[in-house]
There are 2 protein chains.
Amino acid sequence: MAQKPKIPKGTRDFNAEEVAKRNYIMETIKKQFQVFGFQPIETPSFENSETLMGKYGEEGDRLIFKILNSGEYLKKLSDEDYAVKSESKFTSKISEKALRYDLTVPFARYVVQHQNDIAFPFKRYQIQPVWRADRPQKGRFREFFQCDADVVGSKSLWQEVEFVQLYDAVFSALQLNGVTIKINNRKILSGIAEVIGAQDKLIDFTVALDKLDKIGEDKVKEEMLNKGIPQSGIDKLQPLFSLKGDFIAQIESLKTILSTSKVGLKGIEELEFVNSTIEELGLKTAKLQLDVTLARGLNYYTGAIFEVSAPDGVKMGSIGGGGRYDDLTGIFGLKDVSGVGISFGLDRIYLVLEELELFPTTIKESTKVLFINFGDQEALACLKAIKGLRSNGIKAELYPDVAKMKKQMNYANRRNIPYVVLIGDEELKTDTFTLKHMESGEQSIVSLDHLIDQF
Amino acid sequence: MAQKPKIPKGTRDFNAEEVAKRNYIMETIKKQFQVFGFQPIETPSFENSETLMGKYGEEGDRLIFKILNSGEYLKKLSDEDYAVKSESKFTSKISEKALRYDLTVPFARYVVQHQNDIAFPFKRYQIQPVWRADRPQKGRFREFFQCDADVVGSKSLWQEVEFVQLYDAVFSALQLNGVTIKINNRKILSGIAEVIGAQDKLIDFTVALDKLDKIGEDKVKEEMLNKGIPQSGIDKLQPLFSLKGDFIAQIESLKTILSTSKVGLKGIEELEFVNSTIEELGLKTAKLQLDVTLARGLNYYTGAIFEVSAPDGVKMGSIGGGGRYDDLTGIFGLKDVSGVGISFGLDRIYLVLEELELFPTTIKESTKVLFINFGDQEALACLKAIKGLRSNGIKAELYPDVAKMKKQMNYANRRNIPYVVLIGDEELKTDTFTLKHMESGEQSIVSLDHLIDQF
């Protein structure tokens, strides 16, 4: 016998229930994206290699899946190329396309390529899979969906306000109440680096600060020292490590620390605008929280930085994140296009909804009613009734074979079908249906109109 | 300046309108799939190479996109491997994964892998992209979506009946009235081959017969002769080339031609069952037509063969097709699983709906109302109103910048936004809104409740 086939590691099959649950999340997100005025775009699964390579750092380049050229691709490869035995050199000769690694670079490419057809500011959303040749582990996959919304072409802070509202709207619609939307601003981080005299070490500084939650104050300080940030600077930071209180109280402390930094004060001004506007507008179920340790390890952001964490009590990394970047399309030659965007972590949101049992109970129900098959004459009568049900949008099906009653009932059970209909001699004569509720076992004799009304 | 980036040939970007139109088709298909009791599954974009290779013939193997192994993949390649200069040998050393070529083989793999978790008969649908390294040309792409529905695990002919109904339901829901669902049966073709004494040339015979519409009777006969089918056999076929009349009249002619062929008569019986049941049940807008030249070039089908053509007057190849295959999963070691399925040609259906102007006119409308931005105080009032609209599911947005009125109006026009709202000093004082209809230019002063009611 042939070996049972398998799928590549780090990839997944999704059964009906999983697809339904994933779609429920994606459709909820999509609906709010649209209500907020975002427009969908889609880009190809693979891009020319030069579009992707060099955009995610050295590590990123290695994690990009490359597609082998088709046809007689070895003709482009010389003996000298082979002799070097370097994968990167070799790859560039036999591969010209690669699977997308995220949705941001393809989006930047899209904006530049279609700039004359786009009405700016351009509010786009995109929900598509991405691929990474990462080592697979629990919760990390080689193929996964990203759900992004971005606006490019405007520096207005009203957009930051709207993204906070958007997060609130999506998580509230998912009944996932009480998420924390953490906000920071890259200008605050720059200001801090300036004040402590470590402007040139901003990357090291933010990377270390980002770990405060995980490794604690002492280890963070140690790492900063190791990276060459002076002790005197770290001392000045002390108020940072123990920043307490609500948004406004934290802002007041920051004003003291950053009083001499122009960029820092600008960051404070931006945060204050977003916070006071959100206070004014109100949120449905989320809370907005200032988190000066938030850096998201990225040098990419230039203004607001967002991250969303699950409600208290749920152990889970961030379920969303984003921020403002001032030069999205510069890599493709279009300067000065500022953007701001957020994304939703589909797989993690799925796990959280599962844990808190927040998926609608109807999601497991595929077909509403199964018609039992007793023979050709009965089956024809069934299909006539089924036609009426389906025309009314009711999910109905006929068991295709004249199998034993028990087998057909079993099928209904395994498929979570709540009702079955039986048509035998008596029903054929009187043009009626015996309707049985699977869980209670209750039976009733009904007409077709009753049947349609029932569902 | 950097070069304007491009996408790989044979691939496409989709803008908001295109995504909306594609989704409209896919959602319509999906809804009918569900109403007919089909359940969604999804499989990974790439499979292990051994799952795909050898399943689509030699040509197919060449058209499969292979993914380069990641990491130090050259280590697996010996100098001897290199010396052979054979792409197929080389590829097997440096590539272990490949992008799926269709949805059928991954589906077969899925059924075998998850056979213990599946309730048979298994009615599944799958709507996902596939990739082919074909030479791109008008209407042929390297990445495109397939929309498939199949039932496996039952030989019941009621399923053929339901697939005819399903085609009718989908195209009727798309307002694409008058499509022709052509049906044939592989057993008819086998019977014909038997009668004319060319059982061993069934492939050549069906391939030639399939071209009747394109190259005409004489050329088809010539090709058959060239393939070694005897003239005496071709003469016996004459009634086939001029088969006229409705379904039942054609069946009667076939009964004469195939009177000595057991398999042929079986095929006739199956066709008669499907046709008479459909007559009894009725179709909404499609018509069912017997087409004995229908072979779909595939040796794959063992029973019914389907193909759908666009309404008369629309020049377009088939917009759907399918049939019964008796051994889907045998390639993966699970014997005797009969299946039947159909698929929808998304890209062609798109072109037909475009040509006949059948897309709903509301599809171009993204946002319903744009709020003009006159300054921070006004913008805040706008966002308060927008929040109310969005909570009611109305798509509304604020222009993010305080730009010139003309620029903001222009943006509304380019985005096909039908209404704008203006809030100035007067409106702020009276808590009202000036609502302007873009097309007519009509203005009215309304309250927030009015605004919500209006949309």
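The preceding data block contains the structure.
The rules we used
Residues numbered from 1 in each chain as written. Chains lettered and ligands numbered in written order. Predicted model: local features only at pLDDT ≥ 70, side-chain atom pairs only at ≥ 80, totals over all residues. Heavy atoms only, no water. Helix = DSSP H or I, 4+ residues; strand = E, 2+ residues; numbered from the N terminus. Buried < 20%, exposed > 50% of the residue type's maximum accessible area, 1.4 Å probe, protein only. Lys, Arg positive; Asp, Glu negative; His and termini not counted. Salt bridge = Lys/Arg side-chain N within 4 Å of Asp/Glu carboxyl O. Contact = heavy atoms within 4.5 Å. Phe/Tyr/Trp six-rings, centres within 6.5 Å; stacked < 30°, edge-to-face > 60°. Lys NZ or Arg CZ within 6 Å of the ring centre and 35° of its normal. Pairing = 2+ DSSP bridges. Buried area = accessible area lost by both parts, 1.4 Å probe. Polar contact = N/O pair within 3.5 Å; in protein donor to acceptor, adjacent residues only side chain to side chain. Axes fitted to C-alpha atoms, helices over the stretch in contact; angles between N-to-C directions. Least-squares fit on C-alpha atoms with pLDDT ≥ 70 in both. Parallel < 35°, antiparallel > 145°, perpendicular 65-115°, else oblique. Left-handed = near helix turned anticlockwise from the far one by under 90°.

1. Here we look at the side chain of Glu427(A)
Residues and elements named next belong to chain A.
Right, so step 1: When you line up the elements, Glu427 lands in helix H18 (residues 425-430).
Right, so step 2: No salt bridge is formed by the buried Glu427. Its closest oppositely charged neighbour is Lys429, at 9.1 Å.
Right, so step 3: If sequence neighbours within four positions are ignored, Glu427 has contacts with Leu422, Thr432, Phe433 and Thr434.

2. Remarks on the packing of aromatic side chains
The relation between two aromatic rings is expressed through the spacing of the ring centres and the mutual angle of the planes.
Right, so step 1: Throughout the structure, instances matching the rule amount to 39 aromatic pairs over all chains.
Right, so step 2: On the basis of an interplanar angle of 15 degrees and a centroid distance of 6.1 Å, the ring pair of Tyr167(B) and Phe171(B) is categorised as stacked. Of this pair, Tyr167(B) and Phe171(B) are both found in helix H7 (residues 158-173), four residues apart, which corresponds to roughly one turn of the helix.
Right, so step 3: Taking the relative accessible area as the measure of exposure, Tyr167(B) reaches 0% and is therefore buried.
Right, so step 4: Every member of this aromatic cluster is reached through a ring pair, and the members are Phe33(A), Phe38(A), Tyr125(A), Phe163(A), Tyr167(A), Phe171(A) and Phe344(A).
Right, so step 5: The cationic tip of Arg132(A) hangs over the ring face of Tyr101(A); the distance from NZ or CZ to the ring centre is 4.1 Å.
Right, so step 6: Note that Arg12(B) overlies the ring of Phe141(B), its terminal NZ or CZ placed 3.4 Å from the centroid.

3. Description of the pairing of strand S5 (residues 122-131) of chain A
All names here are of chain A.
Right, so step 1: The element S5 is largely enclosed, with a buried count of 10 among its 10 residues.
Right, so step 2: Bridging between strand S1 (residues 39-40) and S5 involves two bridges; their strand directions are parallel. Counterpart to Pro40 in the pairing with S5 is Tyr125.
Right, so step 3: Here S5 runs beside strand S6 (residues 143-152); their pairing, made up of 10 bridges, is antiparallel. Across the sheet, Tyr125 pairs through a bridge with Ala149, a residue of S6.

4. Description of the interface of chain B and chain A
Right, so step 1: If you look at the interface, chain B gives 112 residues, while chain A gives 112 residues.
Right, so step 2: Between chain B and chain A the total buried area reaches about 9,600 Å² when both faces are included, carbon and sulfur atoms providing 58% of it.
Right, so step 3: Put simply, chain B and chain A have 10 salt bridges between them.
Right, so step 4: Measuring nitrogen to oxygen at the nearest pair gives 2.6 Å for the salt bridge that ties Arg109(B) to Asp13(A).
Right, so step 5: Scanning the region where chain B abuts chain A turns up 54 residue pairs in polar contact (both at pLDDT 80 or more).
Right, so step 6: A total of eight residues in the side of chain B that touches chain A trace back to one element, the largest contributor, which is helix H16 (residues 376-391) of chain B.

5. Examining the sheet that holds strand S12 (residues 369-371) of chain B
Residue and element names in this part refer to chain B.
Right, so step 1: Read across the sheet, five strands follow the order S13-S12-S14-S15-S16 without closing on themselves; strand pairing throughout is mixed. On the outer flanks of this sheet lie strand S13 (396-398) and strand S16 (443-446), each paired with one strand and no other. Direction aside, the axes of adjacent strands within the sheet are offset by 25 degrees on average.
Right, so step 2: With four bridges joining them, strand S14 (residues 419-422) and strand S15 (residues 433-437) adopt antiparallel strand pairing. Its bridge partner being in S15, Leu422 is matched across the sheet by Thr434.

6. Comments concerning the relation of the copies chain B and chain A
Right, so step 1: With an RMSD of 0.0 Å, the fit of chain B onto chain A corresponds to turning through 180 degrees and sliding 0.0 Å along the axis. Such a combination of rotation and displacement between the chain copies is what one expects of a two-fold axis. Considering only C-alpha atoms, the part of chain B nearest the rotation axis is Ile67(B), at 2.2 Å.

7. Section: the packing of helix H16 (residues 376-391) of chain A against H7(B)
Right, so step 1: Look at H16(A) against H7(B): their axes get within 12 Å of each other, and the N-to-C directions meet at 25 degrees. Put simply, H16(A) runs roughly parallel to H7(B). In this structure, H16(A) meets H7(B) at a crossing whose hand is right-handed. Residues Asp376(A), Ala379(A), Leu380(A), Leu383(A), Lys387(A) and Arg390(A) of H16(A) lie in contact with H7(B), whose contacting residues are Trp158(B), Val161(B), Glu162(B) and Gln165(B).

No statement about biological role is implied by the geometric values presented.
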